[in-house]
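Examining the three-dimensional arrangement
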Amino acid sequence: MKNLLLNVAIATLCCCQACSNKSDERSNLDGNTIIEFETASKRKEQWELQIGDPVTTSIGFETDKDGKCSIELPIDTVRPIFLYYPSAQFIAKTWVQPGEICNIVIDRSAAYNKQIRTNGAFAERTKANYSDEFGAFYQLTADDNFKVPLNGKEDEFVTFLIESYSAHMDTITSHVEWSPAMTELAKKTLNDKQYYRLTNPNEWLDVCASLRDFHGIISPITLSDSTISYIYNVTIGTNE
């Protein structure tokens, strides 16, 4: 089994021979996050560990003949991670926190909601992320790509951001049957999308224009600091 040490700050990778029975000891000594990775295929494969959303660091690693690998991450905050298998264009997402030891099992041939299993701190969030309920909610937020005005005035754009956020938040609060993890994930997803849209309107509208085969001039391309603060305070700020 190989042991990978990822230095997020300088994005370098150090490989050494791992002793799987010393994972707890390593964690106690250095406080790093340790992932015991395993694939259902149980064979040697080339994978990538991607950190961040959007991805800021991508590290290649290889599982042993049993489909296992121990990965050590000196992270200083909660990070989203993606396990990517390039040969099949397969990717699975979860989250890890500093100092935890967790097992992650990947089964590429399983049903969508069973392709990744983890016993880490974000096991319930991961399960929610692969649920039908979250898929439906995510699609609702993605539908905004086809509804936002592409070349309107700033006040039209601001109105859209506020009204769409409110509508999606109403959807969240209406689903009292959702698990706490599902509700938390939906709110986090909505807030992340809202923050991106109000701070990068040009990038978002570019994507929307491409999806809608729009070739005109998009607007607005920027928002003033005061407008950003206003939108933030009446949307994200009310649910932090």
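These lines cover the structure that appears in this document, whether it is placed above or below. Throughout, residues of each chain are indexed from 1 in the direction in which the sequence is written. Local features in this predicted model are restricted to residues of pLDDT 70 or higher, and side-chain atom pairs are both shown and tallied only at a pLDDT of 80 or more, whereas totals for entire chains, interfaces and linings draw on every residue. Each side-chain value is derived from all of the structure's non-hydrogen atoms; neither hydrogens nor water enter the calculation.

**Describing the pattern of salt bridges**
The rule for a salt bridge is simple: a side-chain nitrogen of Lys or Arg has to be within 4 Å of a carboxyl oxygen of Asp or Glu. Within this structure, the stated rule accounts for 10 salt bridges. A salt bridge links Lys65 to Asp66; its shortest N-O distance comes to 3.5 Å. Notably, a salt bridge pairs Arg79 with Asp76, separated by 3.4 Å at the nearest N-O pair. Taken together, the shared-partner salt bridges in this structure form one network comprising Arg43, Glu45 and Arg108.

**A short note on the nonpolar core**
Grouped together as the largest cluster of nonpolar side chains are 29 residues, with contacts concentrated most on Phe137, Val148, Phe157, Ile172, Leu198, Trp204 and Leu205. Those elements that place two or more of their residues in this core are helix 3 (132-142), helix 4 (154-174), helix 5 (180-199), helix 6 (201-211) and helix 7 (225-234). Numbering of helices and strands runs from the N terminus, with a helix taken as a DSSP run of H or I at least four residues long and a strand as a DSSP run of E at least two residues long. For this core, the leading source of residues is helix 4, giving seven residues. Beyond its immediate stretch of four places on either side in the chain, Phe137 contacts His168, Thr171, Ile172, Trp178, Met182, Ala186 and Leu190. For our purposes a nonpolar core is just a set of buried Ala, Val, Leu, Ile, Met, Phe, Trp, Tyr and Cys residues, chained together by side-chain atoms within 4.5 Å. Three labels apply to residues, based on accessible area from a 1.4 Å probe with only protein chains included: buried if under 20% of the type maximum, exposed if over 50%, partly exposed otherwise in between. Throughout, a residue-residue contact means that at least one pair of heavy atoms, one from each residue, lies within 4.5 Å.

**Things to note about unusual backbone geometry**
With an omega of 10°, the peptide bond between Asp53 and Pro54 qualifies as cis. With respect to the helices and strands, Pro54 occurs in the loop between strand 4 (46-51) and strand 5 (57-62). Across the junction of Ser219 and Pro220, the peptide omega takes the value 0°, indicating a cis bond. Within the secondary structure, Pro220 is located in the loop between helix 6 and helix 7.

**Observations regarding the environment of Gly120**
With respect to the secondary-structure elements, Gly120 resides in the loop between strand 10 (116-118) and helix 2 (123-129). The sequence separation of Gly120 and Ile101 amounts to 19 residues, and the corresponding C-alpha distance is 7.0 Å. Among all residues touching Gly120, those that are not within four sequence positions of it are Glu100 and Cys102.

**Section: the pairing of strand 8 (residues 90-96)**
With six of its seven residues buried, strand 8 lies for the most part within the structure. A strand pair is defined by DSSP finding two or more bridges across the two strands. Of the strand pairs in this sheet, strand 7 (residues 79-85) and strand 8 are connected by seven bridges, and their pairing is antiparallel. Directly across from Phe82, in strand 8, lies its bridge partner Lys93. Hairpin geometry of strand 7 and strand 8 is characterised by an intervening segment of four residues between the two adjacent antiparallel strands and by a positive phi of about 55° at Gln89.

**A look at the packing of helix 5 against helix 6**
Angle between the axes and distance between the axes are the two parameters that describe a pair of packed helices. An axis is simply a line fitted to the C-alpha atoms; with a helix, the fit covers only the stretch in contact. Between two such axes, the angle follows the N-to-C directions and lies from 0 to 180 degrees. It is the contact of helix 5 with helix 6, at a shortest axis distance of 5 Å, that shows an interaxial angle of 100°. Comparing the axis directions of helix 5 and helix 6 gives the class roughly perpendicular. Residue-level inspection shows Tyr196, Arg197, Leu198 and Thr199 of helix 5 in contact with helix 6, the latter providing Pro201, Glu203 and Trp204. Residues are sorted three ways: Asp, Glu, Lys and Arg are charged, Ala, Val, Leu, Ile, Met, Phe, Trp, Tyr, Cys and Pro are nonpolar, and all the rest, Gly among them, are polar. Here the residues of the contact of helix 5 with helix 6 sort into four nonpolar, one polar and two charged. Should an angle fall under 35 degrees it is called roughly parallel, over 145 degrees roughly antiparallel, and 65 to 115 degrees roughly perpendicular, with every other angle called oblique.

**A few points about the side chain of Thr39**
Within the secondary structure, Thr39 is located in strand 3 (residues 33-39). Among the residues examined, Thr39 registers a relative accessible area of 1% and is labelled buried. For this analysis, a polar contact is any N or O atom pair within 3.5 Å, provided that within protein one partner can donate a hydrogen and the other can accept it, and provided that sequence-adjacent residues contribute only side-chain to side-chain pairs. Of the polar contacts made by the side chain of Thr39, one reaches the side chain of Ser41; its length is 2.9 Å. For Thr39, the contacting residues outside a window of four places in its chain are Glu45, Trp47, Asp66, Gly67 and Ile106.

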